[in-house]
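Report on the structure
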Amino acid sequence: MGFLDKLFGKTQEEETKMTKLNIGIILGSTRQGRVSPQVGEWVKGIADKRGDANYEIVDIADFNLPFLGTTDGSEPGIAAWNEKLASLDGFVFVVQEYNHSITGALKNALDFAREAWNDKAAGIVSYGSTGGARAAEHLRGILGELKVADVRTHPTLSLFTDFENGSVFKPAELHLTNVNAMLGEVVAWSGALKTIR
């Protein structure tokens, strides 16, 4: 650590990390036996190799959010959820399709914040029998209402070809190009939108 670093208390590496955008990879399922953690770690592994932002997994299950409107809203997880979202510049949603839409847990988590979502960008990685495409389309409508700009490139994973026995994630190599393209768009749009917040 150099003299100026000691004086100001930050290393060059810490300064670089602070100037990069913070992108949260949001796991959209909370059920037992879910595969979203496998998909999220895969996306994060690809993202970390890019070095263009600070990426982190954000698991909605960790916040123990109650069902919206059923409590007085004083649970600590609600405030922690909003604080986490406020600290992020953009998002990548890992979305699974349930009955042609997103999970109830993800919709609930989306509804538990407002301003913390505004003027940020998001990408979507979805999976299901049709690649989770219908869930992703529903999510896009919700994101628009929350003033989140969703990017066009959308990696879709098939339960039939990218998962073994529906539970072990084994993505095809072809998805790497789409994930990198989506991440590039999320970082670019997140940077642009940060200027208006």
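Residues numbered from 1 in each chain as written. Predicted model: local features only at pLDDT ≥ 70, side-chain atom pairs only at ≥ 80, totals over all residues. Heavy atoms only, no water.

**So, unusual backbone geometry**
One non-glycine residue with positive phi stands out, namely His 100, at about 70 degrees. Looking at the secondary structure, you find His 100 in the loop between β3 (90-96) and α5 (104-111). Look at His 100 and you get partly exposed, because its relative accessible area is 44%. For Asn 165, which is not glycine, the phi torsion reads 55 degrees and is therefore positive. Under the relative-accessibility criterion, Asn 165 is labelled exposed at 74%. (Helix = DSSP H or I, 4+ residues; strand = E, 2+ residues; numbered from the N terminus. Buried < 20%, exposed > 50% of the residue type's maximum accessible area, 1.4 Å probe, protein only.)

**What to know about the packing of helix α3 (residues 36-50) against helix α7 (residues 175-194)**
Remark: α3 packs on α7, axes separated minimally by 10 Å, with the N-to-C direction vectors making an angle of 65 degrees. The crossing of α3 and α7 is right-handed. Each of Trp 42, Ile 46, Ala 47 and Arg 50 in α3 lies in contact with α7, whose residues at this interface are His 175, Leu 176, Val 179, Asn 180, Leu 183 and Gly 184. Taken together, the residues that form the contact of α3 with α7 break down as six nonpolar, three polar and one charged. (Axes fitted to C-alpha atoms, helices over the stretch in contact; angles between N-to-C directions. Left-handed = near helix turned anticlockwise from the far one by under 90°. Contact = heavy atoms within 4.5 Å. Nonpolar A, V, L, I, M, F, W, Y, C, P; charged D, E, K, R; others polar.)

**What to know about the nonpolar core**
Ranked by size, the top nonpolar core spans 29 residues in total, and within it Ile 26, Trp 81, Phe 93, Leu 110 and Trp 117 carry the most contacts. Broken down by secondary-structure element, the contributors of at least two residues to this core are α4 (76-86), β3, α5, β4 (120-128) and α6 (133-145). The dominant element in this core, judged by the number of residues it contributes, is α6, at five residues. With residues near it in sequence (within four places) discarded, Phe 93 still touches Ile 26, Leu 106, Leu 110, Trp 117, Ala 122, Gly 123, Ile 124, Val 125, Leu 139 and Leu 143. Core analysis: the second largest hydrophobic core is formed by 25 residues, Val 35, Trp 42, Val 151 and Val 187 among them. (Core = buried A, V, L, I, M, F, W, Y, C linked by side-chain atoms within 4.5 Å.)

**Observations regarding α3**
Between its first and last C-alpha, α3 extends 21 Å over 15 residues, near the 21 Å set by a 1.5 Å rise per residue. Looking one or two residues beyond α3, the residue adopting positive phi is Gly 51, at roughly 70 degrees. (Expected span 1.5 Å × (residues − 1).)

**A look at the pairing of β4**
Counting buried residues along β4, nine of its nine residues qualify, which places the element largely inside the surrounding structure. Residue alternation in β4 divides its side chains into two sets, Lys 120, Ala 122, Ile 124, Ser 126 and Gly 128 and Ala 121, Gly 123, Val 125 and Tyr 127, and both sets are buried. Two elements, β3 and β4, share seven bridges in a ladder whose sense is parallel. Bridged to Val 95 within β4 is Ser 126. What joins β3 to β4 is α5, and the crossover it makes is right-handed. (Pairing = 2+ DSSP bridges. Right-handed = clockwise from strand over helix to strand, strands pointing away.)

**Examining the environment of Gly 33**
Looking at the element boundaries, Gly 33 is found in the loop between β1 (22-27) and α3. In this structure the C-alpha to C-alpha distance between Gly 33 and Val 186, which are 153 residues apart in sequence, comes to 29 Å.

**What to know about the packing of aromatic side chains**
Tallying each qualifying case throughout the model produces eight aromatic pairs. Consider the rings of Phe 91 and Trp 117, whose centres lie 4.9 Å apart with planes at 65 degrees: the pair is edge-to-face. With Phe 91 in strand β3 and Trp 117 in the loop between α5 and β4, the pair connects residues that are 26 residues apart, well separated along the chain. Given the relative accessible area of 0%, Phe 91 is considered buried. Trp 117 sits in the buried class, given a relative accessible area of 0%. Relative to Trp 117, the ring of Phe 93 lies with its centre 5.9 Å away and its plane at 35 degrees, an arrangement referred to as tilted. Taken as a pair, Phe 93 in strand β3 and Trp 117 in the loop between α5 and β4 lie far apart in primary sequence, 24 residues in all. The burial state of Phe 93 is the same as that of Trp 117; both residues are buried. An aromatic cluster of three or more residues is present, and its members are Phe 63, Trp 81, Phe 91, Phe 93 and Trp 117. (Phe/Tyr/Trp six-rings, centres within 6.5 Å; stacked < 30°, edge-to-face > 60°.)

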